[in-house]
Amino acid sequence: MTKQRPDTTIIGIHGKSPRIHDSAFIAPGCRIIGDVEIGPDVSIWYNCVLRGDVSRIVIGARSNVQDGTVIHCDGAQPGAPDGFPTLIGEDVLIGHMAMIHGTVIEDKGFVGFSAQTMNGCVIEREGMLAAGALLAPGKRIPARQLWSGRPATFMRDLDDRVIAGLQMGVAHYVENAKHHAALYDGAAEG
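A few points on the structure. Nothing here was measured: the structure is a model prediction, and the numbers come from that model.

The next subject is the overall build of the chain. Helices and strands together make up the secondary structure of the chain, namely one helix and 20 strands. Over its C-alpha trace the chain gives a radius of gyration of 16 Å, about what one expects of a compact globule, namely 16 Å for 190 residues. With 190 residues in all, the chain has 51% of them scored as buried. Counted over contacts in the chain with a minimum sequence separation of 6, partners at least 24 positions apart contribute 22%. Put simply, the chain has 17 plus and 21 minus side-chain charges, and the middle of one group is 3 Å from the middle of the other.

Right, let's talk about the pairing of strand β4 (residues 31-38) for a bit. With six of eight residues buried, β4 is to be regarded as a mostly interior element. The pairing of strand β1 (residues 9-11) with β4 spans three bridges and is classified as parallel. By the bridge assignment, I11 is partnered in β4 with I33. In this sheet, β4 lies alongside strand β2 (residues 19-20) in parallel orientation, the contact comprising two bridges. Residue pairing for β4: R19 is matched across the bridge by E37.

What follows is about the packing of aromatic side chains. This model, assessed by the stated rule, comprises four aromatic pairs. Their ring planes at 65 degrees and their centres at 5.2 Å tell us that F25 and W45 sit as a pair that is edge-to-face. Note that F25 is positioned in strand β3 (residues 25-26) and W45 in the loop between β5 (43-44) and β6 (49-59), a separation of 20 residues in sequence. Per residue, the accessibility class of F25 equals that of W45, and both read buried.

On inspection of all chains with the given rule, the structure shows 11 salt bridges. Note that D107 and R125 form a salt bridge whose closest N and O atoms lie 3.7 Å from each other. Of this pair, D107 sits in the loop between β12 (104-105) and β13 (110-111) while R125 sits in the loop between β15 (122-123) and β16 (128-129); the two residues are 18 residues apart in sequence, bridging distant segments of the chain. Its relative accessible area of 29% is what places D107 among the partly exposed residues.

This part takes up the side chain of Q66. Its location among the elements puts Q66 in the loop between β7 (64-65) and β8 (70-72). Q66 sits in the buried class, given a relative accessible area of 5%. Looking at Q66, its side chain comes within polar contact range of the side chain of N64, at 3.0 Å.

Okay, the sheet that holds β7 next. As summarised here, the arrangement of the eight strands in space is β3-β5-β7-β10-β13-β16-β19-β20, forming an open sheet in which the pairing is mixed. The open sheet has two edge strands, β3 and β20 (152-157), and neither has a second partner.

Calculation notes
- Residues numbered from 1 in each chain as written.
- Predicted model: local features only at pLDDT ≥ 70, side-chain atom pairs only at ≥ 80, totals over all residues.
- Heavy atoms only, no water.
- Helix = DSSP H or I, 4+ residues; strand = E, 2+ residues; numbered from the N terminus.
- Rg over C-alpha atoms; globule rule 2.2 N^0.38 Å.
- Buried < 20%, exposed > 50% of the residue type's maximum accessible area, 1.4 Å probe, protein only.
- Contact = heavy atoms within 4.5 Å.
- Lys, Arg positive; Asp, Glu negative; His and termini not counted.
- Charge placed at Lys NZ, Arg CZ, Asp CG, Glu CD.
- Pairing = 2+ DSSP bridges.
- Phe/Tyr/Trp six-rings, centres within 6.5 Å; stacked < 30°, edge-to-face > 60°.
- Salt bridge = Lys/Arg side-chain N within 4 Å of Asp/Glu carboxyl O.
- Polar contact = N/O pair within 3.5 Å; in protein donor to acceptor, adjacent residues only side chain to side chain.

The following block contains the structure:
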């Protein structure tokens, strides 16, 4: 597990504890609770809450969850015996202050600043939810589409240039997380 940093809570509940890859960066101020799995080179930025108390949260390699984001899930309920885990693929960008709830975000997906997703939503591979958008329960963003608004609706298809830009963002966050980690690990000067 990655080093625990100042003012960070990483605790188990209901017999389930977070599993965090050694290469992941967990910034100060984060709260990671319960059945949460964080993969290699993931970055969870300042003051995020990941609460896997009623179902599970999985975050794949190189994904980043930016400052102030809340990620939760939902347990079993009528019509959804498996509940609504939050499953985030690899190389996903989640913008500042987003709220992700009971959602699947496939590889290379994107969620903009202050956007919200609700139970049963799916953002397919390379799909994008715009800043400030609300993806209503059970909605699906098809691959390589941009959805925006409250409630979110289809805006346009995404071209290769946009997708390449997003992947540059992923690489930036992987590298930037190493610099921030070094600050807390005493390997670099502020």
